[in-house]
Structure formats: C-alpha cells, structure tokens
Amino acid sequence: MGSLEEDFGATDKQFLAAPIKKAVDKFPLVPEFLKVRGLVKQHLDSYNYFVNIGIKKIVRANAVIQSDNDPEIGLRYTNVEIGEPSIDIDTARRNLIPQECRLWDMTYAAPITVSAVVRRRINGRIEPIERKNIVIGRMPVMLRSCRCVLNGKDEEELARLGECPLDPGGYFVVKVTEKVILIQEQLSNNRIIIDTVKGNLVASVTSSTEKIKSKTVILMDKDKIYLLLNQFSKKVPIMVVMKAMGIESDQEVVQMVGRDPRYANMLLASIQECATANVYSQKQALEYLDNSVKKYAFSNASQEGRGLSILRDVFIANVPVHE
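Rules behind the numbers
- Residues numbered from 1 in each chain as written.
- Predicted model: local features only at pLDDT ≥ 70, side-chain atom pairs only at ≥ 80, totals over all residues.
- Heavy atoms only, no water.
- Core = buried A, V, L, I, M, F, W, Y, C linked by side-chain atoms within 4.5 Å.
- Buried < 20%, exposed > 50% of the residue type's maximum accessible area, 1.4 Å probe, protein only.
- Helix = DSSP H or I, 4+ residues; strand = E, 2+ residues; numbered from the N terminus.
- Contact = heavy atoms within 4.5 Å.
- Axes fitted to C-alpha atoms, helices over the stretch in contact; angles between N-to-C directions.
- Parallel < 35°, antiparallel > 145°, perpendicular 65-115°, else oblique.
- Nonpolar A, V, L, I, M, F, W, Y, C, P; charged D, E, K, R; others polar.
- Left-handed = near helix turned anticlockwise from the far one by under 90°.
- UniProt positions renumbered as here; feature names shortened; annotations may be inferred.
- Salt bridge = Lys/Arg side-chain N within 4 Å of Asp/Glu carboxyl O.

**Quick look at the nonpolar core**
Turning to step 1, where the next piece is worked out: Of all hydrophobic cores here, the largest spans 27 residues; its most connected members are Leu 227, Leu 229, Phe 232, Val 236, Val 240, Val 241 and Leu 289.
Turning to step 2, where the next piece is worked out: Counting residues per element, this core draws most heavily on helix α7 (residues 238-244), at six residues.
Turning to step 3, where the next piece is worked out: Those residues in contact with Leu 227 that sit more than four places away from it in its chain are Thr 216, Val 217, Ile 218, Phe 232, Lys 235, Val 236, Val 241 and Phe 315.
Turning to step 4, where the next piece is worked out: Ranked by size, the runner-up nonpolar core spans 26 residues in total, among them Val 51, Val 141, Met 142 and Leu 161.

What follows is the structure, encoded as structure tokens:
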C-alpha cells in the first residue's frame, strides 16, 4: 500500500511540474497571479527601486560638473535623497497627504535634496566647500510606495486619511489629476537579439547604463556587414569599425571571428569594400567615421575626434572602455 501511495505521489509531482502547453490551460493561472502580485506590484517595485537605488546610480555616474571656462571650478555630488511628500508655505515646510492634493489642485511630490562639494576660486585659490541638503527639484510620489504616507497603513488609518482601503495605489496625483505610467514592452537590455528585416540578417543590442542608452545594430546586406548607429548619417562598413578600434590587419580580424574558411569567405566582401574606400589604418578609419557623424550629434568636436568618442561611449555602451 505504501509503495502504491508513493507511486501516486510521484505521479502528482510530475503532473504539477509538467509544462503547460496550451494557452487555454494557462488562463486559470491569471486570477491566482493577481491574488498574489496584484495589478500594480510591478509599478511599486520599479518606483521603489528607482528612488532607493536607481537615482543614486545616475547621480554617481554624472557626479562631477566642471566649468567650461575654468575646469578647476565646479562641483561633485556626494549623495542624493528623496524626502517625504511636503509643501513649502511661507518658509515653513508642511507634510502632504494625497487627499489634500486632490482637493486643493496640488501635486503630491517630495523634494529632491543633494549633498555636494563645491570648488570655488577665492582670492586666486581653489577652496572646496561642502554643502548638504540642497533642494534641486521635486519628484511626484507614487501612492503606496515606500515614500508615500499611505505605505504600511491599516484600514482605519487609511480611512482617517481619506483613502479607500481597496485602492492599490501605483499612480500619481499631479495637479489634482490622478495619472499612471503606462507599461511598455521593450527588448531585453544588454542582450544580443537576432532577427531578419526585409530578408537581411540583423543582430541588435539595446545598451543601457546610468549615463546613456543606445541601440547598436549589425546588418548583413548583399553579403556585406554594416554597423548602424543613430549618430552616423549612413551605415558604416564593419571593417572600417574594426580598424578604427585598432585592429588594422584583415587577417587578425578573420582570426578573431574564427579560423574556419567559411568565416573568411563571409568577410571577404566587407574587406573588399573597406579597401575600395581606401581605409587601411586606424587614422584613416577614424577620419572616415568623423565624416559620417551627423551634424547634430555633437555641438563641439572634441580633440580626440567625434568618431572615436562614439565608439567609446555609444557603440555597445554597456561594455566599459578603459583608456
């Protein structure tokens, strides 16, 4: 008998662990998922991550601000914080609740404060001055988030604050209007996506960092491989890009891709196109890229060249480039 029960138990486990193949069979999972996660859990988690971690990473990545006239003058942010929802009235700060903002045409927002070290020139000398809790702006607060006064309140407290206990939150109150950020589907960041566009093979990477977000596309068109970036006015032959990155030998490029003769045959058309453009060295490749940069991509050309700057900061931006 015990052996038979064990057999039934093993069968049940296999049945429960088996993948669900039909979409119709997945429908009963939806209400169970909503019971556990709710409709706005992803909104709250995303907002909480941003105000606790994300905004600090962004400020840390762009911490130093220098004067164009004197590079020694500027400031360096050391910290950033999102405060509690409040409003300043006659030099006094008063805390806010969402219901007040709905009734009095206000925005349910919190101050953004930063700490920074300011470098100023005083009597010909550079002196650092530390400043703390400088208000640089205000950020709308998502209801029921970690910065909201409704967070963690029970039904009695919510009723006292004029809120419905069944309201899940996940939205903002901006000038008396309740607004929500719509969810948009996007491709996975920092992952290579292979696809075909109009019969051409395409590999794309959406790179995302605290400093920049860009999309790099490698296109194969008529047996030739090209790089597509918004900063360039036209598609750039991939061999020009490789030479601009310092790999001037065609043989070295082929060996990096693979020693199989098939790879060399696939790159042959791209190598010939690069030779047709009279690009043989890194200097010539960078000049080719500089001439391909869109005019609005850079207001002022840097000393190292616009093409090199794009390869370093925009081209597959999630891969760090040192020196």
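**Some remarks on the packing of helix α10 (residues 282-292) against helix α11 (residues 306-313)**
Turning to step 1, where the next piece is worked out: Remark: α10 packs on α11, axes separated minimally by 7 Å, with the N-to-C direction vectors making an angle of 90°. Classified by the angle between their axes, α10 and α11 sit roughly perpendicular to one another. Where α10 abuts α11, its residues Leu 286, Leu 289 and Asp 290 lie against Arg 306, Gly 307, Leu 308 and Leu 311.
Turning to step 2, where the next piece is worked out: Classifying every residue of the contact of α10 with α11 gives four nonpolar, one polar and two charged.

**Digging into the packing of helix α8 (residues 250-257) against helix α9 (residues 261-276)**
Turning to step 1, where the next piece is worked out: Direction vectors running N to C along α8 and α9 enclose 140°, while the axes themselves pass 10 Å from each other. For the element pair α8 / α9, the angle class is oblique. Of the two elements, α8 crosses α9, and the hand of that crossing is right-handed. Contacts from Asp 250, Val 253, Val 254 and Val 257 in α8 reach Tyr 263, Ala 264, Leu 267 and Ile 271 in α9.
Turning to step 2, where the next piece is worked out: Residue composition of the contact of α8 with α9, grouped by class: seven nonpolar, no polar and one charged.

**Looking at the UniProt feature "domain: RNA polymerase beta subunit protrusion" (unreviewed entry) in the protein chain**
Turning to step 1, where the next piece is worked out: Under the UniProt annotation, "domain: RNA polymerase beta subunit protrusion" (unreviewed entry) lies at residues 38-206.
Turning to step 2, where the next piece is worked out: Spanning residues 38-206, this segment combines 20% helix with 41% strand, and its end C-alpha atoms are found 29 Å apart.

**A short note on the pattern of salt bridges**
Turning to step 1, where the next piece is worked out: All chains considered together, the criterion is met by 12 salt bridges.
Turning to step 2, where the next piece is worked out: A salt bridge links Asp 45 to Lys 41, with the nearest nitrogen and oxygen atoms 3.0 Å apart. Taken as a pair, Asp 45 and Lys 41 lie in helix α4 (residues 41-61) at a separation of four residues, close to a single helical turn.
Turning to step 3, where the next piece is worked out: Residue class for Lys 41 comes out partly exposed when judged on its relative accessible area of 31%.
Turning to step 4, where the next piece is worked out: Residue Lys 56 pairs with Glu 81 through a salt bridge whose shortest N-O separation is 3.0 Å.

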